[in-house]
Amino acid sequence: MSNITFHSGENIPLEMHKVRIIQKLNLPPVETRLTAMQEAGFNTFLLKNEDVFMDMLTDSGVNAMSDRQQAAMLMADDSYAGSATFTRLEEKLTDIFGTQYFLPTHQGRACENIIAQSYVTKDSIVPMNYHFTTTKAHITLNGGHVEEIFIDEALNLTSDCLFKGNLDTAKLTQLIVDKGADNIAFVRMEAGTNLIGGQPFSLQNMRDVKAICEQHQLLLVLDASLLADNLYFIKEREEACKDMTIREITRELADLSDIIYFSARKLGFARGGGICTNSKEAYERMREYITLYEGFLTYGGMSVREMEAITVGLEETMDEEMINQGPQFIEYMNTALQKRGIPVVTPAGGLGCHINASEFLPHLKQSEYPAGALAAAIYIASGARGMERGTMSEQRDENGVEPLAHMELVRLAMPRRVFTLSQVKYVIDRITWLYENRDMIGGLTFSEEPKVLRFFFGRLQATTNWPEQLATQFRNDFKDSL
Ligand SMILES: *Cc1c(COP(=O)(O)O)cnc(C)c1O
């Protein structure tokens, strides 16, 4: 796909698959979208999917399956213990990661719960390239502290750094000196660093982190949930890896990790999760929690059909033409928005297109949740549902103080193999209109604020009647168009 050029000279990503099953979409008129947004408390998580045209909330559990995955699901072996389906998945993981032990879970955060309960103690520290919401919640719940040691470039929203997900190894060494290796539970590397815009780390960075961990006898844990995108970027962007296959890159990353965990809602185009390791000690330490929280050791809360789909999906992840559609569509969208002067995170990452809400709405303060307001406005203008990734996604500290996020982003996720290019062009068009009318967008304030993970089910209201005015402007400009 990446080396197919168009005679016209246009740079257009070409899908290397065809659509064989479709789902009809519904695009409600702007008046209905306004009401739906109000009823959802200006939280895109609370919208009903029937009111959503393009669901760009997340890449989790909504990636398209292949014909081969569907076929494998029919052959699933339904048994509580000793299922042949489990053996097939276990063998596939050994095949691609080279790991001997596999603990199945129902999804990624379940792995985090189990790893945190097994390794995090009161006041222990977990250094990482960047945190993920559920990761941090589990570490904190177990009394630990997250230390983010990203490179300076990581938070630079318009950068040409190809590996913004890299961990700053000098800072890691310093942290170990300052805090003592004994107080560090483990070091965590997150592939396709979710909250800073799906940005990858390099294979070389992983090697350097491993060397430090080895020197201080620290466990290195890889969160491989967004591994597919990271693999594509290593292959595309890391000069020294140009001639490695995706499979070889995967294997080296796995060899450098002591524990690998993943959400199969992302990795493997299905639903589920699991923890892989070569350490018998680690396996035995975590095993009892699987039976306690997830299910028996041969399914861990997953349906056998999903396990079959993951097995095939993992194999498809080793195929560059299967994992490049997401990153290439995102790059297309990023470039198109940039051309229109709309502030996006660069370079384009995996997972989705990230719009810089602070720059889109410079008239709003962080305490008015600019990213939340922009996500609501995008839905009203287009029926596309994105996700707030800013201060709303943060959690108040023990004193009730609201930490301001490093960045205010709206993420428009690109579920893998799902959308067509004309749909992406539609969203670009509506966001362009919104940008021209950005002065109309006002702030939000919480009306119901849960203590834990408030962004999931908190409710907000607009600080003025800006949503109504925006819908009216849309109707005037677009006449009788939806
Ligand atoms: C989604 C995600 C998780 C959590 O996985 P779930 O299956 O949603 O529980 C953990 N880490 C990263 C990097 C993720 O993107």
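One can find the structure itself at the top, above this paragraph.
Cut-off values and rules
Residues numbered from 1 in each chain as written. Predicted model: local features only at pLDDT ≥ 70, side-chain atom pairs only at ≥ 80, totals over all residues. Heavy atoms only, no water. Near = heavy atom within 4 Å. Polar contact = N/O pair within 3.5 Å; in protein donor to acceptor, adjacent residues only side chain to side chain. Areas by Shrake-Rupley, 256 points an atom, 1.4 Å probe, with all protein chains shown as cover. Helix = DSSP H or I, 4+ residues; strand = E, 2+ residues; numbered from the N terminus. Nonpolar A, V, L, I, M, F, W, Y, C, P; charged D, E, K, R; others polar. Expected span 1.5 Å × (residues − 1). Buried < 20%, exposed > 50% of the residue type's maximum accessible area, 1.4 Å probe, protein only. Contact = heavy atoms within 4.5 Å. Axes fitted to C-alpha atoms, helices over the stretch in contact; angles between N-to-C directions. Parallel < 35°, antiparallel > 145°, perpendicular 65-115°, else oblique. Left-handed = near helix turned anticlockwise from the far one by under 90°. Salt bridge = Lys/Arg side-chain N within 4 Å of Asp/Glu carboxyl O. Core = buried A, V, L, I, M, F, W, Y, C linked by side-chain atoms within 4.5 Å.

### Overview of the site of the ligand
- Looking at the ligand, there are 14 residues lining it, with Gln-107, Arg-109, Asp-223, Ser-263 and Lys-266 nearest.
- The side chain of Arg-109 places a nitrogen or oxygen atom 2.7 Å from an oxygen atom of the ligand.
- Within the side chain of Asn-194, a nitrogen or oxygen atom sits 2.9 Å from an oxygen atom of the ligand.
- Within the complex, 99% of the 370 Å² of free accessible area of the ligand lies under protein.
- Broken down by element, the residue count for the shell around the ligand peaks at three residues, all from helix H4 (residues 108-119).
- Residue classes in the shell around the ligand are distributed as two nonpolar, six polar and six charged.

### Observations concerning helix H7 (residues 203-215)
- Over its 13 residues, H7 runs 19 Å from end to end, which matches the ideal 18 Å to within 8%, given 1.5 Å per residue.
- Taken as a whole, H7 has its buried residues at Leu-203, Asn-205, Met-206, Val-209, Lys-210, Ile-212 and Cys-213.
- If you follow the buried residues of H7, they end up packed against helix H6 (169-179), strand S5 (187-190), strand S6 (220-223), helix H8 (227-237) and helix H9 (246-256).
- Of the residues one or two after H7, Gln-217 is the one with positive phi, at around 50°.

### Quick notes on the packing of H4 against helix H5 (residues 133-141)
- Contact pair H4 / H5: the axes reach a minimum separation of 9 Å and the direction vectors enclose 25°. Taken together, the axes of H4 and H5 are roughly parallel relative to one another. Between H4 and H5 lies a crossing of right-handed hand. On H5, the residues touching Arg-109, Glu-112, Asn-113 and Ala-116 of H4 are Thr-134, Thr-135, His-138 and Ile-139.

### Some remarks on the pattern of salt bridges
- According to the stated counting rule, one finds 30 salt bridges in the structure shown.
- Here Glu-315 ties to Arg-247 by a salt bridge, and the two come within 2.6 Å at their closest N and O atoms. Here Arg-247 lies in helix H9 and Glu-315 lies in helix H11 (residues 304-317), a separation of 68 residues in the sequence.
- What makes Arg-247 partly exposed here is its relative accessible area of 31%.

### Focus on the side chain of Gln-423
- Counting through the fold element by element, Gln-423 comes out in helix H16 (residues 421-436).
- Given the relative accessible area of 18%, Gln-423 is considered buried.

### Quick word on the nonpolar core
- Ranked by internal contacts, the top residues of the largest apolar core, which has 63 residues, are Met-333, Ile-355, Phe-360, Leu-374, Ile-431 and Leu-434.
- If you tally residues by element for this core, the top one is helix H15 (residues 370-382), at 10 residues.
- Once you skip the residues sitting within four places of it in the chain, Leu-374 turns out to touch Ile-355, Ala-357, Phe-360, Leu-361, Val-410, Leu-434 and Ile-441.
- Grouped together as the second largest cluster of nonpolar side chains are 56 residues, Leu-167, Leu-218, Ile-246 and Val-304 included.

### Section: unusual backbone geometry
- In the segment running from Thr-346 into Pro-347, the intervening peptide bond is cis, with an omega of -5°.
- With respect to the secondary-structure elements, Pro-347 resides in the loop between helix H13 (325-339) and strand S9 (352-356).
- The phi dihedral of Phe-42 is positive, around 55°, even though this residue is not glycine.
- Among the secondary structure elements, Phe-42 is positioned in the loop between helix H1 (30-39) and strand S1 (54-55).

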